[in-house]
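For reference, the chains in residue letters:
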Amino acid sequence: MSVLPTAELHLHIEGTLEPELIFALAGRNGIELPYADVEELRRQYQFADLQSFLNLYYDNMAVLQTEQDFADMTRAYLARAQAAGVRHAEIMMDPQAHLSRGISLATCVNGVASALAGSEEELGISTELIAAFLRDEPAEEALAVLEQLLAMEAPIIGIGLDSAEVGHPPRDFVALYERAHEAGLKCIAHAGEEGPPEYIREALDLLKVARIDHGIRCMEDEELVQRLAAEQTPLTVCPLSNVRLRAVDTLADHPLPRMLERGLNVSVNSDDPAYFGGYVDDNFIQLQSVFSFDDDQLAQLAANSVRSAFITDARRRELL
Ligand code: HPA
Ligand code: ZN
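Predicted model only: the values in this text are computed from it and were never measured.

> Before we go on, may I ask you to explain the overall build of the chain in this structure?
Along the backbone of the chain there are 17 helices and eight strands. At 18 Å, the chain has a C-alpha radius of gyration in line with the 20 Å of a compact globule built from 320 residues. With the principal axes as the frame, the chain shows a C-alpha extent of 50 × 40 × 40 Å. Every one of the 320 residues in the chain was classed for burial, and the buried ones make up 48%. A separation threshold of at least 6 residues defines the contact pool for the chain, and within that pool the share at least 24 residues apart is 76%.

Listed below in structure tokens is the structure:
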């Protein structure tokens, strides 16, 4: 299978923290981990659901202390993404998860941004940064953090909404998204990963998002499928993530082929590749082993990622 140029639109930079780097950063920062070695840490990577993953994901962030740590994590992702054929990446980070540990916004934002700055020239990967807000924390806190990001002129192009979905509907974040729209930011949100189709509708109608992260549970709602297809709303699907977090039983049960058949604007993304068994190329390879997509379908998936990216028309033409 040739590696098609793709845009990666659904990626949490903290989810690229590989076990080896976790141990290296822990050593550098004098942090004692509750695991004897990399293998013992890796053995923890078996998840029953989204929350069981999030617990480990937030725990492991303890090793991220300095700007250099954030930059090293980001550089490691970019190098691996280049090998995966990624030509453009829109990267989410979780500022609240660092603020709550006493790490300043400047440390996490500047660390990630410094690594992104050279990526187009050095690796041929254009990048954008998106601040994601934790939906299981108070909406007022998210709004306060957005105000701080705006005040410091953080180099973000947009906002997202992530963390535990069920019980934390998009309607709770209307004020946050109104402020983001007013500030000229792009708006996206996780919806329909574990949460019901109604959350996808709310993200569209109340938060007025341009893309839905995941969105796979739209398939339970025929009217919603028809709307998403008609409007060509981008759905950034993450097949290996859905398997690892038990949103689907096996990859063979994944709705991606049916979503393509219904004309939905779906792309393939890695979400938290260090935790879910692979990067974008691994996602494509495993999809191919199960579904044997033809060249047209593979090209469609790659083209969907490029046409759904927040890039200039000139850059889009380069990537298509
Ligand atoms: N879903 C929701 N929140 C997240 C995820 C995810 O897959 N990864 C990091 N935060
Ligand atoms: Zn995600």
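> Can you help me understand unusual backbone geometry in this one?
Most peptide bonds are trans, and most residues other than glycine sit at a negative phi. Here Gln 232, not a glycine, exhibits a phi torsion of approximately 50°, which is positive. By the C-beta count within 10 Å, which is 13 here, Gln 232 ends up partly exposed. Residues other than glycine seldom take positive phi values, yet Ser 292 does so here, at roughly 45°. Inspection of the secondary structure assignment puts Ser 292 in the loop between helix H15 (280-291) and helix H16 (295-307).

> When you look at the sheet that holds strand E8 (residues 265-268) in this model, what are you seeing that I'm missing?
The strands that make up a sheet are held in pairs by hydrogen bonds between backbone atoms, and each pair lies either parallel or antiparallel. The strand order across the open sheet formed by eight strands is E1-E2-E3-E4-E5-E6-E7-E8, and the pairing between neighbours is parallel. Edge positions in the open sheet fall to strand E1 (6-12) and E8, since each of these has one partner strand only. Taken pair by pair, the neighbouring strands of this sheet meet at an average axis angle of 25°, ignoring direction. Looking at chain direction, strand E4 (residues 158-162) and strand E5 (residues 186-191) are connected through two bridges and run parallel. Across the sheet, the residue bridging to Gly 158 is Lys 186, located in E5.

> When you look at the packing of helix H8 (residues 139-151) against helix H9 (residues 174-182) in this model, what are you seeing that I'm missing?
Helix-helix packing: each pair is described by the crossing angle between the helix axes and the interaxial distance. Across the interface, H8 lies against H9 with an axial gap of 8 Å and an inter-helix angle of 15°. Accordingly, the angle class assigned to the pair H8 and H9 is roughly parallel. By crossing handedness, the relation of H8 to H9 is classed as left-handed. Only Ala 175, Leu 176, Arg 179 and Ala 180 of H9 make contact with H8, whose side of the interface consists of Ala 139, Ala 142, Leu 143 and Leu 146.

> Is there a simple way to think about the site of ligand 1 in this case?
Residues in contact with ligand 1, as listed here, are His 12, Gly 15, Leu 50, Tyr 57, Asp 162, Ser 163, His 190, Glu 193, Ser 241, Asp 271 and Asp 272. By residue class, the composition of the shell around ligand 1 is two nonpolar, five polar and four charged.

> I'm lost on the environment of Ala 303 in this one. Help?
Counting through the fold element by element, Ala 303 comes out in helix H16. For Ala 303, a count of 18 C-beta atoms within 10 Å puts it in the partly exposed group. As for Ala 303 and Gly 278, which are separated by 25 residues in sequence, their C-alpha atoms are 21 Å apart.

> Just to check I follow, could you spell out the UniProt feature "active site" (unreviewed entry) in the chain for this structure?
Here, the residues flagged by UniProt with the feature "active site" (unreviewed entry) are Glu 193. Inspection of the secondary structure puts Glu 193 in the loop between E5 and helix H10 (197-205). By C-beta crowding, Glu 193 is classed as buried, having 24 other C-beta atoms within 10 Å. Ignoring any residue separated from it by four or fewer positions in sequence, one finds Glu 193 in contact with Leu 50, Glu 165, His 214, Ile 216 and Ala 247.

> Explain the UniProt feature "binding site: substrate" (unreviewed entry) in the chain here, please?
Those places that UniProt annotates as "binding site: substrate" (unreviewed entry) correspond, in this numbering, to Asp 272. Secondary-structure assignment places Asp 272 in the loop between E8 and helix H14 (273-276).

> How do you make sense of the nonpolar core when you look at a structure like this?
One broad rule of soluble globular proteins: the nonpolar side chains tend to lie buried together. Residues Met 93, Val 112, Ile 130 and Ala 203 are the most contacted members of the largest nonpolar core, which totals 89 residues. Ala 203 has contacts with Pro 170, Ala 189, Ala 191, Val 209 and Ile 212, leaving out every residue within four places of it along the chain.

> Mind showing me how you'd approach the environment of Asp 162 here?
Tracing the sequence through the fold places Asp 162 in strand E4. In sequence terms Asp 162 and Phe 133 are 29 residues apart; their C-alpha atoms lie 6.1 Å from each other. With sequence-adjacent residues up to four places away left out, Asp 162 is seen in contact with His 12, Met 92, Asp 94, Ala 132, Leu 134, Arg 135 and His 190.

Rules of the game
- Residues numbered from 1 in each chain as written.
- Chains lettered and ligands numbered in written order.
- Predicted model: local features only at pLDDT ≥ 70, side-chain atom pairs only at ≥ 80, totals over all residues.
- Helix = DSSP H or I, 4+ residues; strand = E, 2+ residues; numbered from the N terminus.
- Rg over C-alpha atoms; globule rule 2.2 N^0.38 Å.
- Buried ≥ 20, exposed ≤ 12 C-beta atoms within 10 Å, placed from the backbone.
- Contact = placed C-beta atoms within 7 Å.
- Pairing = 2+ DSSP bridges.
- Axes fitted to C-alpha atoms, helices over the stretch in contact; angles between N-to-C directions.
- Parallel < 35°, antiparallel > 145°, perpendicular 65-115°, else oblique.
- Left-handed = near helix turned anticlockwise from the far one by under 90°.
- Near = placed C-beta within 6 Å.
- Nonpolar A, V, L, I, M, F, W, Y, C, P; charged D, E, K, R; others polar.
- UniProt positions renumbered as here; feature names shortened; annotations may be inferred.
- Core = buried A, V, L, I, M, F, W, Y, C linked by C-beta atoms within 7 Å.

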